[in-house]
Structure formats: C-alpha cells, structure tokens
Amino acid sequence: MNKTVVLTVVNQKGGTGKTVTCENLGIGLANEGKRVLLIDNDPQGSLTISLGYPRPDEITVTLSDILAKVIQEQEIAEDEGIIKHEEGIDLIPANIELSGLEVSLVNVMNREKILKQYVDSVKDKYDFILIDCGPSLGMLTINALAAADRLIIPVQAQYLPAKGLELLLQTVNKVRKYINPSLKIEGVLLTMVDSRTNYAKDISNLIRTVYGGKLHVYKTDIPQSVRASEISAEGKSIYEHDPRGKVADAYRPAVELSFLSPEQQNDVIEAMDYAQCTPSLSQAQRIKKLSQSDEYSLEKVEEIMNEEKKSELDHVTIKNEVLKKYFPKSYTPKQVEDTIVKLLEQWQKQKQKKREMSL
Ligand SMILES: Nc1ncnc2c1ncn2[C@@H]1O[C@H](COP(=O)(O)OP(=O)(O)OP(=O)(O)O)[C@@H](O)[C@H]1O
Ligand SMILES: [Mg+2]
C-alpha cells in the first residue's frame, strides 16, 4: 500500500515562513531516512534559491516545464526536472516561468488538477512530498491544495492572522467541496516566535478562540532566530556564515542596520519594542539613510518603524503582564477584550451623564 503523504505549506500572506518550513522539514525528514521530494510551486523560486541555486532563471527544466508537459499530455522521463540535492532530498525547482504557466492554465481543462496529476505519477517513489506555495491564492496554490493530503499553515507570531486565515479557510473549504474532499488541515505552525514576548501565546489563544475546533495550533513553534541584540557591527560576516543565503536573506535588514552607531542601534531596538515588529528591508534601508543625515532622531526612527504597523495592524496591544492583575487566569483574550470594552462603555456613559448634569 502506498502511504506517501503529500503536504502543502500554504498561507497567502507573504513572509510567514512557508519556504523555511518546507526546506527544514524536508531535510529533517530526509535525515530520518525518509524519501522526500520538495516541489517549489512559487514563481519567486525562493525554495530553489534557499537550497543553493541562486539563479533559478538559468535552470533549464523547472516545474513550469513539467506542468506544461502534463497539460500537453507528453511523456515525462524518469527523474525529469528533478535535482538530487546533497542533503538527501529531491527538488523540483521553479522560476519566473511558472508565472506564465499560471496565466495559461486559465484555458486548460481540469486546470486545478495539473499538479496533482504529476504528483500522483511520482508518488510511489517518495514517503513525503512537500509543496511550497507562494503568497497568493491563485491557480498555482489551488493546484497545490488539490494535490495535497494535508496542509501546514505557517503563521508569523507577531501579526494577528485572523482575517487572512478566514480567506484561506474559505478557499480550503471550496477545494474540499469541489476538488479534493479528503484534504485535511494538519495545523497552524507559529513561526518566528520571540521568546521574550507573549505574542505567540496570545495569537495561538486567539486562533483557538476564533476557529475553535477547526484549526489545530502546533504546540511546537519556530523560534525567531534574528534578534535585535544580534545586530552585528560588521555587515559582511553574516554572508560568510551562510553561503546558501537563507540566513543571509533573513539578516539583510540587520546588515543594513549594522552601519548604525551602537547608540543608534539601541534606538532601533527601542523603536522595535514600541512598534512590536522587526524592520523590513526597506525600513532598514531608510533608517540607515536617516542615520547618515543631520536629521537623525529617535522620533524619526519610531516614525519609520510605525508606518508598516499602521497598515498591517489595526489594533492596540496591551502586554499581559500589565493586564494580568485585573483578570482571572482562566480568562481567554476574547473575554479580556469583552470586559475591557464593557468597562469602556460604562465609562463613556458616566462621562455622558456628567456632561448632561453640568448643562
Ligand atoms: N524562524 C525564523 N527566524 C528568523 N527569520 C526567519 C525565520 N523563519 C523565516 N525567517 C525569515 O523570514 C523571511 C520569510 O521567510 P520565508 O521566505 O520562509 O517566508 P515565506 O512564507 O516562504 O515567504 P513568501 O510568502 O514570500 O514565499 C525570510 O527572510 C526568512 O529567512
Ligand atoms: Mg516562500
């Protein structure tokens, strides 16, 4: 009996750790002696790049060629397009051509099941097939949902994921209904967890409260490995440490910030704490530029750090340690929120009354 498990790693939000999860889980399983195929199903080719192929556009056979062959019902040779990676996994790489293929899928019969046809044809050679998705819910992702037995949903621990998850779940339900009834959500994986904060716990409570039994949050989460305190004073060493570029990528904002003086770096750490997020590459580049001008100040750094937060997060955060003395331990974040809102309403009414009395 064939017990191959096809796992798709999906979340239409960008940068939640899908690729890193695919790579590390894949290599981890291979280290355990499993036969593993990783499929890069993202035109950005990030999985291909992070496995050591920095120029995916120069690779001659990629996933788009394989899928084109499936569409044209051409024969695919044994191991065609598969790169045998030194760390014991097989990889089907991707590059930007996959974008073109996605567009052309529109006119294809059975277009949601093209990837599945390929996956089914190679299934018996592997114990696990892992599919890395790009940040979209387009036809490539639908294909990856159609081909999967189970889904892993990485969620970045710093951001409230509620809305995005809702949309993803709706898509999963549609795929279940029309294409792949046995599709299961294996779980939500919290990534980039900063052990110094409680966000991970808050977010996993929030997911449990909002989605109840529908979503399982893994107990194990992935720690944040880029720490503010590790912002190095030498920009170059990071790349030397990781020739394959994965960590180097993660550290790119940090490298930009390494040009700042130690005092300015402390300002950035303070602004990060206040904004509760790490700087994007563009923010880091602007902070670096600011640091080299006469206009530099902590307020300006905070301004830059807060702008992404304004668009990404539409909420106020109050630390648990501030709130805990006011609420029983057993209260869920939702109960805490409801109580606070109720008290605020009472407060507003009191104010209103006072105003009316003074008139
Ligand atoms: N645990 C971690 N600690 C620190 N940095 C991380 C961690 N996991 C991922 N990163 C970094 O965060 C960034 C986003 O990760 P990754 O590329 O895996 O996300 P993704 O969901 O695949 O993104 P995309 O949606 O663009 O495909 C990368 O620069 C990666 O190196
Ligand atoms: Mg990715």
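Look up: the structure comes first, before these words.
Residues numbered from 1 in each chain as written. Chains lettered and ligands numbered in written order. Predicted model: local features only at pLDDT ≥ 70, side-chain atom pairs only at ≥ 80, totals over all residues. Heavy atoms only, no water.

A. Structural detail: the overall build of the protein chain. The helix and strand inventory of the protein chain stands at 15 helices and 7 strands. Every one of the 359 residues in the protein chain was classed for burial, and the buried ones make up 44%. Of the contacts formed within the protein chain by residues at least 6 apart in sequence, a portion of 78% connects residues at least 24 apart. Carbon and sulfur atoms provide 52% of the accessible area of the protein chain, an area that totals close to 20,100 Å². (Helix = DSSP H or I, 4+ residues; strand = E, 2+ residues; numbered from the N terminus. Buried < 20%, exposed > 50% of the residue type's maximum accessible area, 1.4 Å probe, protein only. Contact = heavy atoms within 4.5 Å. Areas by Shrake-Rupley, 256 points an atom, 1.4 Å probe, with all protein chains shown as cover.)

B. Layout of helix H6 (residues 139–147). Buried residues dominate H6, accounting for 8 of its 9 residues. For H6, the complete set of buried residues consists of Leu140, Thr141, Ile142, Asn143, Ala144, Leu145, Ala146 and Ala147.

C. Quick peek at the sheet that holds strand E2 (residues 36–41). Across the sheet, which stays open at both edges, the 7 strands sit in the order E3-E4-E2-E5-E1-E6-E7 with mixed pairing between neighbours. The two strands at the open ends of the sheet, each matched to only one other strand, are strand E3 (83–84) and strand E7 (184–191). (Pairing = 2+ DSSP bridges.)

D. Spotlight on helix H3 (residues 63–71). All buried positions along H3 are accounted for by Leu63, Ser64, Ile66, Leu67 and Val70. For H3, the angular spread of buried residues about the axis comes to 160°, placing them on one side. Looking at the packing, one finds that the buried side of H3 touches E2, strand E4 (90–92), helix H4 (97–104) and helix H5 (114–122). Backbone geometry just after H3 places Glu73 at a positive phi near 55°. (Arc of directions from axis to C-beta.)

E. Representation of a nonpolar patch on the surface in the model. On the surface, a cluster of nonpolar side chains totalling about 280 Å² of accessible area is made up of Val316, Ile318 and Val322. The residue Ile318 is located in the loop between helix H13 (298–312) and helix H14 (320–323) in this model. (Patch = residues over 30% accessible without salt bridge, like charges linked within 9 Å, V, L, I, M, F, W, Y side chains within 5 Å. Salt bridge = Lys/Arg side-chain N within 4 Å of Asp/Glu carboxyl O.)

F. Just the nonpolar core, in detail. Among the nonpolar cores identified, the biggest contains 52 residues, and Ile39, Leu115, Ile129, Ile131, Ile153 and Leu215 are the most heavily contacted of them. Among the elements that take part in this core, H6 stands out by supplying 6 residues, more than any other. Those residues in contact with Ile39, other than ones at most four positions away along the chain, are Leu47, Leu63, Ile92, Leu115, Val119, Ile129, Leu130, Ile131 and Asp132. Counting residues in each nonpolar core, the second largest holds 20 residues, with Cys22, Leu51, Ile59 and Leu91 among its members. (Core = buried A, V, L, I, M, F, W, Y, C linked by side-chain atoms within 4.5 Å.)

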